[in-house]
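# Survey of secondary and tertiary structure
Now for the letters of each chain:
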Amino acid sequence: MIINMSPNFRTMASSSGDMIRMRFLNPSDLDVVRRLCQEWFPVRYPDAWYETIVNNHNQRFCSLVATINDEIVALLVTEIRSYQNLNYEDFGFLAKHFEHYDNIQVAYILTLGVVKRLRRRGIATLLVKNLIQNLQTISTLKNDCKAIYLHVLTTNMYAIRFYEKLQFQRYKLLPLYYSINDCSYDGYSYVYYLNDGHPSSWWLPLINPKYHLLIVRNSLRSITIQTYYQCDHILQSFSLLSSLITRWPLKFLRKIFDTILCRHRCSLFKLHDDHYHYINNHYYDEQKNHLYVC
Ligand SMILES: CC(C)(COP(=O)(O)OP(=O)(O)OC[C@H]1O[C@@H](n2cnc3c(N)ncnc32)[C@H](O)[C@@H]1OP(=O)(O)O)[C@@H](O)C(=O)NCCC(=O)NCCS
C-alpha cells in the first residue's frame, strides 16, 4: 500500500505491517552497504565497486534501499545497460527486431538482499515492484528500457522462488558461471519484460533451418552417447580381456562421432575455465567431453 509518494522516496507498509521508507542509495550508505553485501553474498566485491554504486556519478545505476527507522534493511542495486553491449551469454532474450535499435536498454539486477530477521515479509517484493514502477515512469527509461535481467546461483532456491513469483522468466542455464573461492558453480539468468519488451515468438526458430540442423546434430550426438553408454554397460559384464578388446574400438568410434558433430561449433568465448566453451546456446566442456544444452 503506497502511503506517501515523492520523486525520490516512498513510504510503504510491507505485508507484515512494518513501515518501510524507500529511497535511492547515497554516498553516506557506503559502509553499511559493504557490510550487508558481505553478510548476504558469497561473492566478494572490490571496494571500488561499492564506491561506484553509491556515488553513481554517471547515472548508470538505479539503486534503492528500504529503511525502517532510518536503518537500512534491504538493498536493490540495478545497472542500466545498453542491450547491444551485453555479454554474449546474456544477449538474445529480447525479440530479434530490438537488435536493430541502438537506444534499447535493459536493467541488470546486481544485488538484492534483505536482512535475515526481516525476510519473508514482502520487503524484497516491494523493492522490485518499486524498481519496475520507476522503469515504467522515469521519462528517460520508460520508452527504451525493455527488460530487467539477473543471474542467480542454481542452488539459491529462495531467490529463484522469489523471482518466479514475481513473473521473472528463466532464460538460460549458465554452467560454471560463478567462481566462488576457486570453485565454479552453475547459474541461471532470469528476465522480466516491461515497456513492450518481449522475447522472440516461440514458433520463430521453427522456420529457421539452422535450428532444425542443430536439433538433428544434437539428437545424433545424444543417440551416439546413449548407445556408447549402453554398450559399455553390457560389455562390463564380460571378462576383462574381452572387454578391453571390444571397448577400445567403441571408444574410438565415439571419439570420431564427437569430432564430426562438434567440429562446426566455433568457440565464441571462453568462460572461467580455459577448456570451457559456449557454443550456439550450448556449453561444451572439452576436458570432460560433456555438452550442456541450455
Ligand atoms: C531472496 C530474498 C531477497 C527474498 O527477500 P524477502 O524479502 O524475504 O522476499 P519476499 O518476502 O518479498 O518474498 C516474496 C516471495 O518469494 C518467495 N520466497 C522468498 N523467500 C523464500 C524462502 N526463504 N523460502 C521459500 N520461498 C521464498 C515466496 O514465494 C515469497 O512469497 P510468500 O512469502 O507469500 O510465500 C532474501 O531471501 C535474501 O536477501 N536472500 C539472500 C540474498 C540473495 O540470495 N539475494 C538474491 C541474489 S540474486
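Residues numbered from 1 in each chain as written. Predicted model: local features only at pLDDT ≥ 70, side-chain atom pairs only at ≥ 80, totals over all residues. Heavy atoms only, no water.

Looking at an unreviewed UniProt entry, the chain carries the name N-alpha-acetyltransferase 60, with the source organism given as Dermatophagoides pteronyssinus.

## Remarks on the overall build of the chain
The cut-off we apply is this: For the purposes of this entry, the term helix denotes a DSSP run of H or I that reaches at least four residues, the term strand denotes a run of E that reaches at least two, and both are numbered from the N terminus. Each residue gets one of three labels from its accessible area relative to the maximum for its type: buried under 20%, exposed over 50%, partly exposed in between, using a 1.4 Å probe on protein chains only. The contact criterion used throughout is that any non-hydrogen atoms of two residues lie within 4.5 Å.
When helices and strands are counted, the chain shows six helices and 13 strands. Here the chain holds 294 residues, and 44% of them are scored as buried. When contacts within the chain are restricted to residue pairs at least 6 apart in sequence, those whose partners lie at least 24 apart make up 61%.

## Observations regarding the layout of surface pockets
This is how it is decided: The method works on a 1 Å grid over the protein atoms by themselves. A cavity is a set of points holding a 1.4 Å probe that cannot get out, a pocket is an open set with protein on both sides within 12 Å along at least five of seven lines, and residues with an atom within 4 Å of a point line them. Grid points are joined across faces, edges and corners, and a volume is the space filled by probe spheres set on the points. Only Asp, Glu, Lys and Arg are considered charged, only Ala, Val, Leu, Ile, Met, Phe, Trp, Tyr, Cys and Pro nonpolar, and every remaining residue, Gly among them, polar.
What the largest pocket holds in volume is close to 1800 Å³. Considering the residues around the largest pocket, the lining is formed by 46 residues, among which Phe41, Leu112, Asn156, Ala159 and Tyr163 are closest to the centre. Listed by contribution, the elements that provide at least two residues to the lining of the largest pocket are helix H1 (30-40), strand E6 (105-114), helix H3 (123-137), strand E7 (145-153), helix H4 (157-165) and strand E8 (169-180). The element contributing the most residues to the lining of the largest pocket is E6, with seven residues. Residues of the lining of the largest pocket, tallied by class, amount to 24 nonpolar, 10 polar and 12 charged.

## Examining the packing of aromatic side chains
Put simply, the rule reads: Classification of ring pairs rests on two measures: the distance between centres of Phe, Tyr or Trp rings, Trp counted by its six-membered ring, which must be within 6.5 Å, and the angle between planes, read as stacked under 30 degrees, edge-to-face over 60 and tilted in between.
Applying the stated criterion across every chain, the model contains 14 aromatic pairs. Seen in terms of ring centroids, Tyr83 and Phe91 are 4.6 Å apart; in terms of plane orientation they differ by 25 degrees. Their pairing is stacked. For Tyr83, a relative accessible area of 0% translates into the label buried. A ring pair is formed by Phe162 and Tyr163, whose centres lie 5.2 Å apart and whose planes are at 70 degrees; its orientation type is edge-to-face. There is no split in this pair, since Phe162 and Tyr163 are both buried. Three or more aromatic residues link up through ring pairs in this structure, and these residues are Tyr83, Phe91, Phe93, Tyr108, Tyr149 and Tyr171.

## Topic: the site of the ligand
For the record, the criterion: The rule for a residue being near a molecule or strand is that one of its heavy atoms must lie within 4 Å of it. Think of a polar contact as two N or O atoms within 3.5 Å of one another; within protein, one of them needs to be a possible hydrogen donor and the other a possible acceptor, and neighboring residues in sequence only count if both atoms come from side chains.
Lining the immediate environment of the ligand, one finds 19 residues, of which Leu112, Arg120, Gly122, Thr125 and Asn156 sit closest. A distance of 3.3 Å is found between an oxygen atom of the ligand and a side-chain nitrogen or oxygen belonging to Arg119. Arg120 is positioned with one of its backbone polar atoms (N or O) 2.7 Å from an oxygen atom of the ligand. Of all elements in the fold, only E6, H3 and H4 reach the threshold of two or more residues within the shell around the ligand. The biggest single contributor to the shell around the ligand is H4, with six residues. Grouping the amino acids of the shell around the ligand by side-chain chemistry returns nine nonpolar, five polar and five charged.

## Re the pattern of salt bridges
Filter applied, for reference: Should a side-chain nitrogen of Lys or Arg be within 4 Å of a carboxyl oxygen of Asp or Glu, the pair is scored as a salt bridge.
For the coordinates displayed, the defined rule picks out nine salt bridges. Residue Glu79 pairs with Arg60 through a salt bridge whose shortest N-O separation is 2.0 Å. Residue Glu79 is found in strand E5 (residues 71-82), and its partner Arg60 is found in the loop between helix H2 (47-55) and strand E4 (64-68); the two are separated by 19 residues along the sequence. Exposure remark for Arg60: the relative accessible area of 31% places this residue in the partly exposed category. Residue Lys96 pairs with Glu99 through a salt bridge whose shortest N-O separation is 3.7 Å. A network of salt bridges, in which partner residues are shared, links Asp31, Arg34 and Asp47.

## Some words on the state of the cysteines
Selection rule: Any pair of cysteine sulfurs within 2.5 Å is marked as a disulfide.
Taken as a whole, this structure holds zero disulfides when the rule is applied. No disulfide involves Cys145; its nearest neighbouring cysteine sulfur is the one of Cys62, lying 8.8 Å away.

## Some details on the pairing of E6
Note the cut-off: Only strands that DSSP links by at least two bridges are regarded as paired with each other. For a crossover, the right-handed case is the one in which the path from the first strand over the helix to the second runs clockwise, viewed with the strands pointing away from the viewer.
In terms of burial, E6 is a largely internal element, eight of the 10 residues being buried. Note that E5 and E6 share nine bridges and pair antiparallel. Across the sheet, Leu76 pairs through a bridge with Leu112, a residue of E6. Examined bridge by bridge, E6 and E7 share four bridges and lie parallel to one another. Its bridge partner lying in E7, Ile109 is registered against Leu150. The parallel pair E6 and E7, bridged by H3, forms a crossover whose chirality is right-handed.

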